[in-house]
Amino acid sequence: MKFGGTSMAGTERIRRVANIVRKQAAGGHEVAVVVSAMAGETDRLVNFCREANPLYDPAEYDVVVASGEQVTSGLLALTLQALGCKARSWLGWQLPIHTIEAHAKARIEDIDSEALLASMAAGEIAVIPGFQGLGHDNRVTTLGRGGSDTSAVAVAAAIGADRCDIYTDVDGVYTTDPRIVAKARKLKAVTYEEMLELASVGAKVLQTRSVGLAMKEGVRVQVLSSFIGDDAVPADEIPGTMIVSESEMEEILERGEMERQHVTGIAHDKNEAKVILTRVPDRPGAVAHIFEPLAAASINVDMIIQNVGRDKGETDVTFTVPMADLARAQALLEDRREEIGFNRIITDSKIAKISVVGVGMKSHAGVAATMFKALAERGINIQAISTSEIKVSVMIDEDETELAVRVLHTAYGLDASDEAA
Ligand code: ADP
Ligand code: ASP
Ligand code: MG
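All values derive from a computational prediction rather than experimental measurement. (Residues numbered from 1 in each chain as written. Chains lettered and ligands numbered in written order. Predicted model: local features only at pLDDT ≥ 70, side-chain atom pairs only at ≥ 80, totals over all residues. Heavy atoms only, no water.)

Here's the deal with the overall build of the protein
Phase 1: Per the secondary structure count, the protein includes 15 helices and 20 strands.
Phase 2: The C-alpha radius of gyration of the protein comes to 23 Å, within 12% of the 22 Å expected for a compact globule of 421 residues.
Phase 3: In terms of overall dimensions, the protein has C-alpha extents of about 80 × 55 × 35 Å along its principal axes.
Phase 4: Expressed as a percentage of the 421 residues in the protein, the buried residues total 48%.
Phase 5: Once local pairs closer than 6 in sequence are excluded, the contacts in the protein between residues at least 24 apart make up 73%.
Phase 6: Accessible surface computed for the protein: about 19,300 Å², of which carbon and sulfur atoms make up 49%. (Helix = DSSP H or I, 4+ residues; strand = E, 2+ residues; numbered from the N terminus. Rg over C-alpha atoms; globule rule 2.2 N^0.38 Å. Buried < 20%, exposed > 50% of the residue type's maximum accessible area, 1.4 Å probe, protein only. Contact = heavy atoms within 4.5 Å. Areas by Shrake-Rupley, 256 points an atom, 1.4 Å probe, with all protein chains shown as cover.)

This is the structure:
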């Protein structure tokens, strides 16, 4: 069972979480719980680091930001004990959860589960802080923002859990962010492949890496709400959304429990910025000169367009990078101005990426055309396009994000009222 930041925000909410956990344990399950820091706490801690030293050492940053989860894991264990349950916390270094030592963006390598399993078998509820681990350097590491989802899936894999229930502030995975589109529909199930793609293009309900890990390890993941009353449908009856394999999805479709749509979900991402390099030489190797230094600095480039060549063998190259890496990318490119041979760098962080995702696209033509037409009818200008087998993304003006998501949700027949009709 994993509980996110909103679910853990304050002693009152932790008491509600403890009750959900207690019930699950009382139902005869051995339970391990992974918790996030209280909502807003990690942001607060990150700010302290920036204030202390803008060029902070990632290893010390990890010491600071990992503390939010230490607090909530202890508080949940205390609250469970107050309810008469046997419970104890296991910090990342105590298990330990071994990670590579890439501080602030560590990856879990393996988890020693022996002591954990023994304690669970003895009837103790294990409470584990998410987001944190132990590096080869014997220091605390953290997994990157939203990383508690990945901690939960990794723990589930390590102990061979029957299921990994991700409790959050919505009751499942929807066709799009239900906070933006009131008519978003809850999905009974979504395939690993689609969830991976949706998460990677901005559906933050699950961290992308957690989905990749679940897919690789075959962990059964359910997304469900922690904001529930005593009469709520028990988690074992799957009130939320299951992340399933393609073959399980086929069975669900055959049973008529869901209908396959060409588009399963729509996501948006406001965390990328656009970079334009003007008057780049239009010759072999020019683009490599731009992207090699960015790759070497681990800056992820997403959408790329090379414009039609201008006169004099020159062209403009446009691409996107994560907002957090924009300043670094700009500095790297400036340093190589001579070598690359561009004229100007123009940047714009007021852009958004809107993506439509669905395995149905593999066998159905016209998904992209529907997208372009729907956006055009609302006068929304498309600045760049990228596609994969099960996804089409467009870059638009950030101010038009919500409108674009709503328009597309309707255009693909995903609105809740359409289903009822
Ligand atoms: P937690 O703190 O529990 O980890 P997050 O805030 O990380 O929760 O993720 C839950 C949020 O994800 C929801 O409140 C919702 O606004 C957002 N979200 C984005 N896309 C979707 C989607 N397709 N389905 C459900 N929630 C989504
Ligand atoms: N507390 C961490 C964050 O806010 C990890 C998580 O909540 O998943 O990013
Ligand atoms: Mg989250």
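And the narrative resumes.
A closer look at the site of ligand 2
Phase 1: Around ligand 2, the surrounding shell consists of Ser36, Thr42, Glu69, Phe131, Arg145, Gly146, Gly147 and Ser148.
Phase 2: Here Glu69 contributes a side-chain N or O atom positioned 2.6 Å from a nitrogen atom of ligand 2.
Phase 3: Here ligand 2 has 270 Å² of accessible area as a free molecule, and 86% of this is covered by the chains.
Phase 4: Considering only residue class, the shell around ligand 2 consists of one nonpolar, five polar and two charged. (Near = heavy atom within 4 Å. Polar contact = N/O pair within 3.5 Å; in protein donor to acceptor, adjacent residues only side chain to side chain. Nonpolar A, V, L, I, M, F, W, Y, C, P; charged D, E, K, R; others polar.)

Some remarks on the sheet that holds strand 20 (residues 391-397)
For sheets, the rule is that strands pair by backbone hydrogen bonds, running either parallel or antiparallel.
Phase 1: The four strands are arranged 13-18-20-19 in an open sheet whose pairing can be described as antiparallel. Looking at the sheet topology across the chains shown, the edges are occupied by strand 13 (265-269) and strand 19 (384-388). The average angle at which neighbouring strand axes cross in this sheet is 20°, direction not considered.
Phase 2: Relative to strand 20, strand 19 is paired through five bridges, and the arrangement is antiparallel. By the bridge assignment, Ile385 is partnered in strand 20 with Val394. (Pairing = 2+ DSSP bridges. Axes fitted to C-alpha atoms, helices over the stretch in contact; angles between N-to-C directions.)

Let's talk about the site of ligand 1
Phase 1: Residues in contact with ligand 1 amount to 16 residues; listed here are only the nearest, Thr168, Asp169, Tyr174, Asp177 and Arg179.
Phase 2: Interatomic distance of 2.9 Å between a backbone N/O atom of Tyr174 and a nitrogen atom of ligand 1.
Phase 3: The side chain of Arg179 places a nitrogen or oxygen atom 2.8 Å from an oxygen atom of ligand 1.
Phase 4: In isolation ligand 1 has 570 Å² of accessible area, and contact with the protein removes 89% of it.
Phase 5: Split into classes, the residues belonging to the shell around ligand 1 amount to six nonpolar, five polar and five charged.

A closer look at the pairing of strand 6 (residues 125-129)
Successive residues of a regular strand alternate their side chains across the two faces of the sheet.
Phase 1: In terms of burial, strand 6 is largely enclosed, as five of its five residues are buried.
Phase 2: Burial along strand 6 is two-sided: Ile125, Val127 and Pro129 facing one way and Ala126 and Ile128 facing the other are all buried.
Phase 3: For strand 2 (residues 32-35) and strand 6, the ladder comprises four bridges, and the chain directions are parallel. Looking at the pairing, Val34 lines up with Ile128 of strand 6.
Phase 4: Where strand 3 (residues 87-89) and strand 6 come together, three bridges link them in parallel fashion. Residue Arg88 lies in a different strand from strand 6, and its bridge partner there is Ala126.

Some details on the sheet that holds strand 3
Phase 1: The eight strands are arranged 3-6-2-1-9-11-12-10 in an open sheet whose pairing can be described as mixed. Unpaired on one side and paired on the other, strand 3 and strand 10 (189-191) mark the two borders of the sheet.
Phase 2: Pairing analysis gives three bridges linking strand 11 (residues 221-225) to strand 12 (residues 241-244), with the strands arranged antiparallel. The partner of Val223 across the bridge, within strand 12, is Thr241.
Phase 3: Strands strand 2, strand 3 and strand 6 of the sheet are contacted by helix 4 (residues 67-82), whose axis makes an angle of about 160° with strand 6.

As for the state of the cysteines
Phase 1: Under the defined criterion, the tally for this structure stands at zero disulfides.
Phase 2: Here Cys85 is not disulfide-linked; the sulfur of Cys164 is the nearest cysteine sulfur, at 20 Å.
Phase 3: The exposure class assigned to Cys85 is buried, which follows from its relative accessible area of 15%.
Phase 4: In this structure Cys164 comes out as buried when scored by relative accessible area, which is 2%. (Disulfide = S-S within 2.5 Å.)

Quick word on the packing of aromatic side chains
Aromatic ring pairs are described here by two measures, namely the spacing of the ring centres and the angle between the planes.
Phase 1: All chains considered together, the criterion is met by three aromatic pairs.
Phase 2: On the numbers, 5.1 Å between centres and 15° between planes, the contact of Tyr56 with Tyr61 is stacked.
Phase 3: The exposure class assigned to Tyr61 is buried, which follows from its relative accessible area of 8%.
Phase 4: Consider the rings of Phe291 and Phe319, whose centres lie 5.0 Å apart with planes at 75°: the pair is edge-to-face. Placement of Phe291 in helix 10 (residues 286-296) and of Phe319 in strand 16 (residues 314-322) is noted, with a sequence separation of 28 residues between them. (Phe/Tyr/Trp six-rings, centres within 6.5 Å; stacked < 30°, edge-to-face > 60°.)

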